[in-house]
Structures are given as structure tokens and as C-alpha cells.
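Now for the letters of each chain:
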Amino acid sequence: MFKVKKAVIPVAGLGTRFLPVTKTIPKEMLPIVDKPNLLYNIEEAVKAGVEDIILIQGRGKNSIEDFFDVSYELEARLVKDNKTDLLNKIIHLKDMCNIITVRQKVALGLGHAVHCAKPVVGDENFAVLLGDEIMYTDDNTPTVTKQLIDSAGANNVSTVAVMHVSMEDVQKYGIIKMEELGPNRFKVLDVVEKPNPDQAPSQYALPGRYVFSAKIFDHLENIKPSKRGEIELTDAQTLLAQKEGLEAITFAGLRYDAGDKFGYIQANIEFALRHPELQDKVKKYLSELKL
Ligand code: G1P
């Protein structure tokens, strides 16, 4: 049984790709239509049965905690004005999961950020969702985190999501070396961080969704900083793959790189085209757009 009730979401990044707006607004709070992008990831995890969300947070990110807290004045005003629809958009946020924040005091890399969750996770299995990546699945498809938890449970092994990328894009991601186990399922042999195309072991990239056993913490403690000076989650995954086993699955769903300006705009357009109040207007606007 590979039970997963906790998810770790690193939110300590400075968001330099979105300056100037991220000077005072955490990049995780930038909206995709009307919800902060972090909420999409938390909803993905909660729909997968996760109860505790552990945010690995840096300085200047207090608005994230406020978002998941009670907002007395606003709620009282909406009740008084009988604005039930608007109240319903915010009232559930404080109860949807437990939000636990852990400070990452120094930015030593993604592996270090994940390791900061150890005192909260203990020896439980857990999911990791990278905030820059937004996954869309329709109402009839389990969320990507749920697909990972189901596969990890069925095979009793840590499991990560992979996607096929073009050869020129391998240098943007962790890339797996693998053996095929079945349709869309691989045994991971090695993980290489951002390889040059001529050295990539495959074209299967990690888009930022992982389900790990707590053994990953032992490996994070034993690795050295990489060439770019970071404790890499990738290196710990290689050790996990070699010592306890690690599998990868391709997933059903669409992925947006909302950490990149173009990906963020794509996400906004496509989520607007799915939004009941906006879809007709946005579709008409786009079809008539002349620049
Ligand atoms: C991180 C990981 C990388 C992964 C990527 C997904 O890289 O180190 O393995 O493929 O996230 O977004 P970063 O984007 O932090 O450089």
C-alpha cells in the first residue's frame, strides 16, 4: 500500500522571470483567469486525496498564507450584501486542506527545498508538485497527482510523471534513462539534469510531478551540490532509482509551463476558453482579433 496524504509545494522562488510584478506579488499568486496559479496545484493534490499541503516558503510570501485563512471583513460584507455566489468562491478555501508552511531560509536548490519538508513528512510517502507547472485534466480524468498515486500504489514504488519532449528541449528538464515496463510505464535507471541534446539518455522529461517514499530524504542528505551549486532533486532520484526503485509514467492531461511568460499567457487563454462565464466572449474576441 502506497498511501499519500501529504504534498510538498516549493514556493520560495523569487520569480525573476516575471519582474517587475513579482517584486511585491509572489509568482504563485499570479492569476490564471480568477484563481492564483498555486490554487490549481492545491486543487490537483486535494482531488488526489491529499490532506496536508506543505508549502516551502521564502521571505515575502505572506499573502499566500492569508489567501488560505479566514477573511472576516470580506466574508461579513458578502453575507450582509447577500452575495452568496461570491462568498462561495472564497469560503471553502480555508477548509479544503491543512496548509503547513516551512521556511527555506537559504535558496540551495529544489532538492534542498524538498528536504525542508522532512520534519513535517516524517516517514510517510508524499507528493511533490512544482508550482510553475499547471496540469489540466477534465472532470472525467483523475488529476495527474492521482494518476501517480494510483500507479505508485499498484506497483508499491515511488513514481514520477514524464512527458516526451523535442530533442532541443531536453536541456530544460531532468531527463530519465529508462527501461520500458509496459504501455506508458518505465523503470527509471538514471536521471540527468538538463543534458545537452547529444548526451540526453532519452527524450522523456520530468514536468514537476513526483510521488516519493520518505527514503528520498536519506538520499538528499547524501548528495553534494551540483555544478550549478544546487542540491538537485534529480541526483536524489537517481539514488532512489538505484537503491529502492523508481518508476515513471506518462500521464493523461495537458501541461502548461506557467513559470514562463508565454506558457502563462497560454494557460490564461485556454482556461478562459473553458470558463463558463468567459468562453463565448473570449472565443469571439480571438476569432475576430486583427493586429
Ligand atoms: C526543475 C528540476 C527539473 C525538472 C523541472 C520541471 O528544474 O530540477 O528536473 O524537469 O524543474 O519544471 P528548474 O525548472 O527548477 O530549473
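### Details of helix α1 (residues 37–47)
Counted residue by residue, α1 has 9 buried out of 11 residues, so it is predominantly covered. Within the span of α1, buried status applies to Asn37, Leu38, Leu39, Tyr40, Asn41, Ile42, Glu43, Glu44 and Ala45.

### A word on the site of the ligand
Neighbouring the ligand are Leu110, Leu130, Glu133, Tyr173, Gly174, Glu193, Lys194, Leu206, Arg228 and Thr234. In the model, an oxygen atom of the ligand is placed 2.9 Å from a nitrogen or oxygen of the glycine 174 main chain.

### What about the pattern of salt bridges?
Counted under the stated rule, the structure contains 20 salt bridges. A salt bridge links lysine 6 to aspartate 52; the nearest nitrogen and oxygen atoms lie 3.2 Å apart. Taken together, the residues span a long stretch of sequence, with lysine 6 in strand β1 (residues 4–11) and aspartate 52 in strand β4 (residues 52–57) at a distance of 46 residues. Aspartate 52 shares its class with lysine 6; the two are buried. The salt bridge partner of lysine 35 is glutamate 43, with a shortest N-O separation of 2.8 Å.

### Observations regarding the pairing of strand β6 (residues 125–129)
Among the 5 residues in β6, 5 count as buried, and that is most of the element. Residues of β6 alternate between two faces, with Asn125, Ala127 and Leu129 on one and Phe126 and Val128 on the opposite face, all of them buried. For β1 and β6, the ladder comprises 3 bridges, and the chain directions are parallel. Within β6, the position partnered with valine 4 by the bridge is asparagine 125. Here 4 bridges tie β6 to strand β12 (residues 209–212), and the two strands are oriented antiparallel to one another.

Cut-offs and rules
- Residues numbered from 1 in each chain as written.
- Predicted model: local features only at pLDDT ≥ 70, side-chain atom pairs only at ≥ 80, totals over all residues.
- Heavy atoms only, no water.
- Buried < 20%, exposed > 50% of the residue type's maximum accessible area, 1.4 Å probe, protein only.
- Helix = DSSP H or I, 4+ residues; strand = E, 2+ residues; numbered from the N terminus.
- Near = heavy atom within 4 Å.
- Polar contact = N/O pair within 3.5 Å; in protein donor to acceptor, adjacent residues only side chain to side chain.
- Salt bridge = Lys/Arg side-chain N within 4 Å of Asp/Glu carboxyl O.
- Pairing = 2+ DSSP bridges.

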